[in-house]
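Read off the chains here:
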Protein chains: 2
Amino acid sequence: MVDPTLDLPAALRARGLRMTPQRQLILEAITSLSGHISADAVHRRVVEQFPNVNISTVYRTLEVLQDLGVVNHTHFHDGVAQYHLASEGLHQHLVCRECGSARELDVRVVQPLAETLKQEYGFEADIAHFAIVGLCAGCSHKGGQTSHSHGA
Amino acid sequence: MVDPTLDLPAALRARGLRMTPQRQLILEAITSLSGHISADAVHRRVVEQFPNVNISTVYRTLEVLQDLGVVNHTHFHDGVAQYHLASEGLHQHLVCRECGSARELDVRVVQPLAETLKQEYGFEADIAHFAIVGLCAGCSHKGGQTSHSHGA
DNA sequence: ATTCATGCAAATACTTTGCATCAGC
DNA sequence: GCTGATGCAAAGTATTTGCATGAAT
């Protein structure tokens, strides 16, 4: 797969799709970030300069960028999709259910589990597509461990 | 915690709450099952016999049952909450993104990862609160491995 | 009688879709 | 000019909430 970050117009054209200002803006919003960003956040950024770009265009563009392999998304604790550049590679996220903070993690940490699941259950886990949710160090110090019924 | 499955009225009374036919029905819908069930599915079951029980009552009751420690819920691949009896103990779910099938798993399988996260990142993972999503053995045989951009 | 629980409708958040218009190519 | 892309509004799904009425204790 050619790195489409460098030549989005060409990547689009190869599929009979077109380059537009909206698509450029949306990609820039993601590129300008090191981490992850929700569709809504992308929209807010774009709207700052072009107030009439619609949220549905953002969703449709994100889908196209995904199909092209330019971006990927991961689901956080609240189920909201978070987008990031595919070129940044696979990484796992640890998301805190209390403060919502997310920290990246090398996929190697979860590789052993993935191996086990594959070996013993024939199950091909989507390693990075869903975050690992729990309590971060900061929040668990405040006594969050045993308070919630679903804290298991 | 007293096992409230056996005496829900008492467990409720101890908190100044009341027993109602609706609450009984909803608990029965979950108890009659070995596995997990969504709020919507609980509602459909209850409505078969009592058509005027409202979905919001189901949600409110499920919350109460959770607070009492009678049930717990887990989020599946689509983010939908799946409820199950707390008395069945902690278990992890492997959910297939293709066919939606869910299989239970002893939490012991993910314990090593949980230990690592705790040790190295101080992160207290919610082991059973979110399912592990991926492709089940059946679906990955059909060639699902490399087709999706987010299949990572 | 008091206070909690319910039904109903409306609101929420995220995402998708139908459709007429517009704009890349 | 052909066909894909956009804006807008509306729909869809899962869940929550306000409020008046109704029922358990």
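To start, this report covers the structure provided alongside it. (Residues numbered from 1 in each chain as written. Chains lettered and ligands numbered in written order. Predicted model: local features only at pLDDT ≥ 70, side-chain atom pairs only at ≥ 80, totals over all residues. Heavy atoms only, no water.)

## What about the overall build of chain A?
The test is simple: Helical segments are the DSSP runs of H or I of at least four residues, strand segments are the runs of E of at least two, and each set is numbered from the N terminus. Three labels apply to residues, based on accessible area from a 1.4 Å probe with only protein chains included: buried if under 20% of the type maximum, exposed if over 50%, partly exposed otherwise in between. Contacts between residues were defined by any pair of non-hydrogen atoms, one from each residue, lying within 4.5 Å. Computed with the Shrake-Rupley method and a 1.4 Å probe, the accessible areas treat only the protein chains shown as cover for residues.
Along chain A, the regular secondary structure elements total six helices and seven strands. Helices and strands in chain A line up, N terminus first, as α-α-β-α-α-β-β-β-β-α-β-β-α. When each of the 152 residues of chain A is scored for burial, the buried share is 47%. Here the analysis covers contacts within chain A between residues at least 6 apart in sequence; of these, 49% occur between residues at least 24 apart. Summed over its atoms, the accessible surface of chain A is roughly 8,000 Å², and 50% of this surface lies on carbon and sulfur atoms.

## With respect to the protein's contact with DNA strand D
For clarity, the cut-off: Summary of the distance rule: residues count as near a molecule or strand when at least one heavy atom falls within 4 Å of that molecule or strand. Here a polar contact means two N or O atoms within 3.5 Å. Within protein one must be a hydrogen donor candidate and the other an acceptor candidate, and residues neighboring in sequence count only if both atoms are side-chain atoms. For this classification, Asp, Glu, Lys and Arg are treated as charged, while Ala, Val, Leu, Ile, Met, Phe, Trp, Tyr, Cys and Pro are nonpolar and the rest, including Gly, are polar.
Neighbouring DNA strand D are 19 residues; A:Arg18, A:Thr20, A:Arg23, A:Thr57 and B:Tyr59 lie closest to it. A:Arg18 places a side-chain nitrogen or oxygen 2.5 Å from a base oxygen of DNA strand D. Between DNA strand D and the protein, one listed contact pairs a base nitrogen with a side-chain N or O atom of A:Arg60 at 3.0 Å. Listing elements by their share of the surface near DNA strand D, those giving two or more residues are helix H2 (21-31) and helix H4 (55-67) of chain A together with helix H4 (55-67) of chain B. Partitioned by chemical class, the residues of the surface near DNA strand D number six nonpolar, eight polar and five charged.

## Things to note about the relation of the copies chain B and chain A
Keep this limit in mind: Least-squares superposition aligns the copies on the C-alpha atoms of those residues with pLDDT at or above 70 in both.
With an axial shift of 0.0 Å and an RMSD of 0.1 Å, the rotation relating chain B to chain A amounts to 180°. Taken together, the rotation and translation relating the two chain copies correspond to the operation of a two-fold axis. Identified as the residue of chain B closest to the rotation axis by C-alpha distance is B:Gly79, at 2.9 Å. An overlap of 97% is found between the interface residues of chain B and their copies at the interface of chain A, pointing to a shared contact surface.

## Topic: the pairing of strand S3 (residues 81-85) of chain A
Residues and elements named next belong to chain A. Our working rule: Think of it this way: DSSP has to see at least two bridges between two strands before they count as a pair.
Counting buried residues along S3, five of its five residues qualify, which places the element largely inside the surrounding structure. Neither face of S3 is exposed, since Ala-81, Tyr-83 and Leu-85 on one face and Gln-82 and His-84 on the opposite face are all buried. Here strand S1 (residues 37-38) runs beside S3; their pairing, made up of two bridges, is antiparallel. Within the sheet, the bridge partner assigned to Ile-37 lies in S3 and is Tyr-83. Pairing between strand S2 (residues 71-75) and S3: five bridges, direction antiparallel. Note that in S3 the partner of Asn-72 across the bridge is His-84. Count of turn residues in the S2/S3 antiparallel hairpin: five residues, of which Gly-79 carries a positive phi of about 85°.

## Details of the protein's contact with DNA strand C
DNA strand C sits among 19 residues. The nearest are A:Arg18, A:Tyr59, B:Arg18, B:Arg23 and B:Thr57. Between A:Met19 and DNA strand C, the recorded distance is 3.2 Å, taken from a backbone N or O atom to a phosphate oxygen. Between a phosphate oxygen of DNA strand C and a side-chain N or O atom of B:Arg23, the distance comes to 2.6 Å. Considered class by class, the residues forming the surface near DNA strand C number six nonpolar, eight polar and five charged.

Such coordinate-based values are descriptive only and should not be taken to indicate function.
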